[in-house]
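Survey of secondary and tertiary structure
The primary structure of each chain is shown beneath.
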Amino acid sequence: MIGLISATAAGAVARDRLAAAWPDRTRVYEGPVPDAVRAAFAECEQLVCFLATGAVVRLVAPLLGDKRTDPGVVCVDEGGRFAVSLVGGHGGGANDLAEEVAEVLGAVPVVTTATDAVGLPGLDTLGFPVEGDVAAVSRALLDGEPVALRAEVAWPLPALKVSGEGAYTVRVTDRAVDPAEREVVLRPPSLVVGVGASKGAPAEEILALIHGSLRGLSVRSVARLTTVDAKAGEPGIVEAAERLGVPLVTYPAAELAAVDVPNPSAAPLAAVGTPSVAEASALREGGELLVPKRKSAMATCAVVRRPARGRLAVVGLGPGARDLLTPRAKAELRRASVLVGLDQYVDQIRDLLRPGTRVLESGLGAEEERARTAVAEARQGHAVALIGSGDAGVYAMASPALAEASDDIEVVGVPGVTAALAAGAILGAPLGHDHVSISLSDLHTPWEIIERRVRAAAEADLVVTFYNPRSRGRDWQLPKALAILAGHREPTTPVGVVRNASRPDEASRVTTLGELDPATVDMMTVVTVGNTATRTIAGRMVTPRGYRWQAAQEDPK
């Protein structure tokens, strides 16, 4: 919960805007400001104070205890101009909160944490438990001193300015080791603990067995507990998962019975229908059995190191304008340690990448090579961003990449604003009813198939947006497609032509099917042809939402 505190009417206006935007995340604290701050500090994970920073410093100073547990505090001036991350930038999430508050209020986020200021990820913000001398290693990264990365367990990390050797170390391991001097240890969620238990087995016994089985391994790397469906509600197992702070995942007995295990037993087979619960459930998603089945009086346990899963984010950059690049896309670019993309697209967002990001760029015509490269990098355990213009799933990189990828990597799709949508917004509302996008490039698709699709769209009276309409080597496809549409639509049918939508040299015009000169179109252009209901109104293309609605507008009774 986020506590909101204000002192004046002007501050209350901004406070109420934030409360309205986040009704389920916020709580307004009324009354005397010192009392409100004390109450919110004790009850909330974060605070937003619509007060001067000096006043907030004096109010929260006596309340501060430990940066790992104190709530994050953000200050917003009464004019709503700045959102300042004051306390708990990383541990309390104040830096991210300042960004969010600024977006809602139209303010400027102010973040002074050193790593954030220079674009480096904080070692305590990577989503993993962290141990060791975070401050010293972070300073070394900031100062450009050599910092070695020792990954005993391959796990996708954001870009870090690390090398093979150095006086400081970032160590990624699930083993129970104490950090050395000048070392930070990151605990990846690499361990799966399978458990079985007799009815009524106490949580204390199950937890003692788990901790004993993990000897030499870090409990902070346990990602989940697993068991058979029949034990999903067993109180001791449920409580053990809750006390470890990990999810409990269960599987049907039939699935577990099919898992090859070294220590099957007749007892669980008779009780729940599978010869193994602990080992089989831990191995259900694959991995290396580190600790074979161990038993106590009423429970069993096994530990598996699950395969490291690299991460492939397929990111749509939008049509080109920076303000049409989504926040989610920006976050994925900053999360990646490897970026793969067309050179001209890389240039668009190079400034958003974290220092140390490895960039693999290539020129036009290497789409399949880029897809293979991105998947291969993810399979090596890296966090990879594969970029494409518009939406990466529309005539872009998602298709070839996902054709190469299997379930051994995590795949995330990040949507982007397509060229058709960007052009449609410029033209007016040409996509107000059913519409279709068709690429006229026959480099990968035979023209016979493209022509059949154009004819189908013409006969169905769909608004058509043509991608890749014309190039120097392909100058006859667009006239042919327009001729097919002309067989079903009047010459006065509106046509919108947009070149470089949303970019500085954007150009657009609305013409008609009979007047459009294909020679004025190139590969940077999107052509949108209206249907029989599309009209030009005040110079803008408008396709009514429905034929009945249009008729009612034209002939009201």
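We now turn to the structure provided with this report. If you're wondering where the values come from, they're calculated on a predicted model, not measured in any experiment. (Residues numbered from 1 in each chain as written. Predicted model: local features only at pLDDT ≥ 70, side-chain atom pairs only at ≥ 80, totals over all residues. Heavy atoms only, no water.)

Right, let's get into the packing of aromatic side chains. Considering all chains together, one arrives at two aromatic pairs under this definition. Seen in terms of ring centroids, Tyr395 and Tyr467 are 4.7 Å apart; in terms of plane orientation they differ by 55°. Their pairing is tilted. Linking Tyr395 in the loop between β19 (383-388) and α15 (398-404) with Tyr467 in strand β23 (residues 463-467), this pair joins segments that are 72 residues apart in sequence. Classification of Tyr395 as partly exposed rests on a relative accessible area of 43%. (Phe/Tyr/Trp six-rings, centres within 6.5 Å; stacked < 30°, edge-to-face > 60°. Helix = DSSP H or I, 4+ residues; strand = E, 2+ residues; numbered from the N terminus. Buried < 20%, exposed > 50% of the residue type's maximum accessible area, 1.4 Å probe, protein only.)

Below, the discussion takes up the sheet that holds strand β1 (residues 2-6). Reading across the sheet, the six strands line up as β2-β1-β3-β4-β5-β6 and stay open at both edges, with mixed pairing between neighbours. Of all strands in the sheet, those bounded by a partner on one side alone are β2 (26-28) and β6 (108-110). Between one strand axis and the next, the sheet turns through 25° on average, direction left out of account. When strand β4 (residues 72-76) meets strand β5 (residues 82-87), the two strands line up antiparallel, connected through four bridges. Residue Val74 lies in a different strand from β5, and its bridge partner there is Ser85. (Pairing = 2+ DSSP bridges. Axes fitted to C-alpha atoms, helices over the stretch in contact; angles between N-to-C directions.)

For the rest of this paragraph, the subject is the pairing of β5. Regular strands show a simple pattern: their side chains alternate between the two faces of the sheet. The turn joining β4 and β5, which pair antiparallel and follow one another in sequence, is formed by five residues; a positive phi near 65° is taken by Gly80. Where β5 and β6 come together, three bridges link them in parallel fashion. Bridge pairing in β6 links Val84 to Val110. Regarding topology, helix α4 (residues 94-105) serves as the crossover connection from β5 to the parallel β6, and that connection is right-handed. (Right-handed = clockwise from strand over helix to strand, strands pointing away.)

Buried residues of helix α16 (residues 419-427): Ala420, Ala422, Ala423, Gly424 and Leu427, and no others. In the segment just after α16, Gly428 is the residue with positive phi, at about 135°.

For the rest of this paragraph, the subject is the environment of Ala240. The residue Ala240 is located in helix α8 (residues 235-244) in this model. For Ala240, a relative accessible area of 0% corresponds to the buried category. On a C-alpha basis, the gap between Ala240 and Glu152 in space is 28 Å, while along the polypeptide they are 88 residues apart. Residues in contact with Ala240, not counting those within four places in the same chain, are Ala203, Ile206, Leu207 and Leu225. (Contact = heavy atoms within 4.5 Å.)

Now for the side chain of Arg311. Within the secondary structure, Arg311 sits in strand β16 (residues 311-316). In contact with Arg311, not counting residues within four places along its chain, are Pro156, Glu332, Arg335, Ala378, His382, Ala383, Val384, Glu410 and Val412.

Here the focus is the environment of Asn531. Its location among the elements puts Asn531 in the loop between β26 (525-529) and β27 (535-537). Accessibility expressed as a relative area gives 3% for Asn531, which makes it buried. In this structure the C-alpha to C-alpha distance between Asn531 and Val185, which are 346 residues apart in sequence, comes to 62 Å. Polar contacts involving the side chain of Asn531 include one to the main-chain amide nitrogen of Ala533, which spans 2.8 Å. (Polar contact = N/O pair within 3.5 Å; in protein donor to acceptor, adjacent residues only side chain to side chain.)

Attention now moves to the pattern of salt bridges. A complete count under the given rule lists 29 salt bridges for this structure. For the salt bridge of Arg305 with Glu288, the shortest nitrogen-to-oxygen distance reads 3.8 Å. Of this pair, Arg305 sits in strand β15 (residues 299-305) while Glu288 is found in strand β14 (residues 288-295), placing the two residues 17 residues apart along the sequence. In this structure, the salt-bridge partner of Arg311 is Glu332, at a minimum N-O distance of 2.7 Å. With a gap of 21 residues between them, Arg311 in strand β16 and Glu332 in helix α12 (residues 327-335) connect regions that are remote in the sequence. Glu332 carries the same exposure label as Arg311, and that label is buried. One connected set of salt bridges, linked through shared partners, spans Glu152, Arg171, Arg175 and Glu183. (Salt bridge = Lys/Arg side-chain N within 4 Å of Asp/Glu carboxyl O.)

Read these as layout, nothing more, since geometry by itself doesn't imply function.
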